[in-house]
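What follows is the residue order along each chain.
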Amino acid sequence: MVEVLLPEIWNKIFTYLNKTDLCNVLLTCRYLYCVGSDPLIWANTSICKERISPTSSLQFLLWPRFSRLSSLNLSDSELGTQSATNLFKIIPQLLNLKHVNLSHTNLSAVCPTVLCSAVHLLESISLQQTRLTINQVEAVLVTLSTSSNHLVSLNLARTDLSKVPPDILAHGLATVLRVNISSTQLNPDQTRALFDIFSTPNNKLKHLIVREVDLSTANLDSLAKGVASLITVNLQETKLGMQQCNAIFSHISSSSSLISINLSHVTLAGVPADLLARAIQKLDRAGLNWTQLTAHQLTKLLDIKNKRLVLQLEGVNWDGVPAQLVVKYKMRGCFNIFRRHISSPGSL
């Protein structure tokens, strides 16, 4: 009876089933097993993390039904040295796999060579808080800088990078479009090498998250020029000094690339109001939460005419700011929330 319906119709029906129910259906007969194993049905499936053990072979990923798998999220799973090694050996065989999330797993004992053989084949990988060793990190960065790679997004947040040679760090990261190196304990030599390379013609890194890294001793000129050459940058909680902030805003004023900056939890009270407003008005988004802005600075910011600009000003003191400007800002915030909801229903 099941053969009466065309495979295309069954495939449409299967899209309404969760993966547990689909697996049960596949066990009912040979025909449905064949039809329900179509790779297109399983292309966006989520792997059950609870079934991953430190010694899992993960050979099921090589089943034909997973041949179109595009993303794999094993974050916070029980992935161990053996299962992680198996995964990195399998990834080169999954030609459609582009995105992998291994955050909060333990990869410290994985062979650096095996790790590198997979990373450069992906488009994005999250290695946040995976206990990577210096040897592993160096191997990955050297591979990225010396071989052809497809990687456009790399997350190394909460990995200790302080002992990675500055040149290796800078040249490796400069090959990736989006990089997250938050809470990575960078030293002054590393930050100078990194921000210097942003201004070079071969640099591909345009979106940087470096929050919770102490940049108070970073070279002023390198930092300012590097930030201004990016497209988006997150400098939240980076302990920047007043001179560094002034230099950054001066370079932003003449930048033709930067459209978004987050300076939340960085003290900006000493930045001249005119300089601050002149720089921020060139952006599309500015996160200035808890930055101790003065009433004069806030007045200048709220008087900016750039309609594209989205200002984030949580934790500021509104005393002394003209009431009409405050009301206008808060009304605009409500409108932006409404607009996001209309464009993405259910986002609220």
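Model, not experiment: these values are computed from the prediction.

Details of the packing of aromatic side chains
In this description, an aromatic ring pair is defined by two values, namely the gap between the centres and the angle between the planes. On inspection of all chains with the given rule, the structure shows six aromatic pairs. Centre to centre, the rings of F195 and F198 are 5.4 Å apart; their planes meet at 80 degrees, and the pair counts as edge-to-face. A ring pair is formed by W318 and Y329, whose centres lie 5.5 Å apart and whose planes are at 45 degrees; its orientation type is tilted. Highlighted residues: W318 in the loop between β10 (310–312) and α14 (323–343) and Y329 in helix α14, separated in sequence by 11 residues. A relative accessible area of 21% places W318 in the partly exposed class. Aromatic ring contacts, followed pair by pair, group W42, F60, W63 and F66 into a single cluster. For the cation-ring pair, R65 lies above W42, with the distance from its terminal atom to the ring centre recorded as 4.9 Å.

Brief notes about the pattern of salt bridges
In total, this model carries eight salt bridges according to the counting rule given. In this structure, E237 engages R211 in a salt bridge whose closest nitrogen and oxygen atoms are separated by 3.8 Å. Taken together, the positions of E237 in the loop between β7 (232–234) and α11 (242–253) and R211 in the loop between β6 (207–209) and α10 (220–228) put the pair 26 residues apart, joining distant regions of the chain. Assessed through its relative accessible area of 33%, E237 is described here as partly exposed. Between D303 and K305 there is a salt bridge, and its shortest N-O distance comes to 3.4 Å. Exposure remark for D303: the relative accessible area of 43% places this residue in the partly exposed category. A residue is classified by how much of its surface remains accessible, and K305, at 63% relative accessible area, is exposed.

Rules behind the numbers
Residues numbered from 1 in each chain as written. Predicted model: local features only at pLDDT ≥ 70, side-chain atom pairs only at ≥ 80, totals over all residues. Heavy atoms only, no water. Phe/Tyr/Trp six-rings, centres within 6.5 Å; stacked < 30°, edge-to-face > 60°. Helix = DSSP H or I, 4+ residues; strand = E, 2+ residues; numbered from the N terminus. Buried < 20%, exposed > 50% of the residue type's maximum accessible area, 1.4 Å probe, protein only. Lys NZ or Arg CZ within 6 Å of the ring centre and 35° of its normal. Salt bridge = Lys/Arg side-chain N within 4 Å of Asp/Glu carboxyl O.

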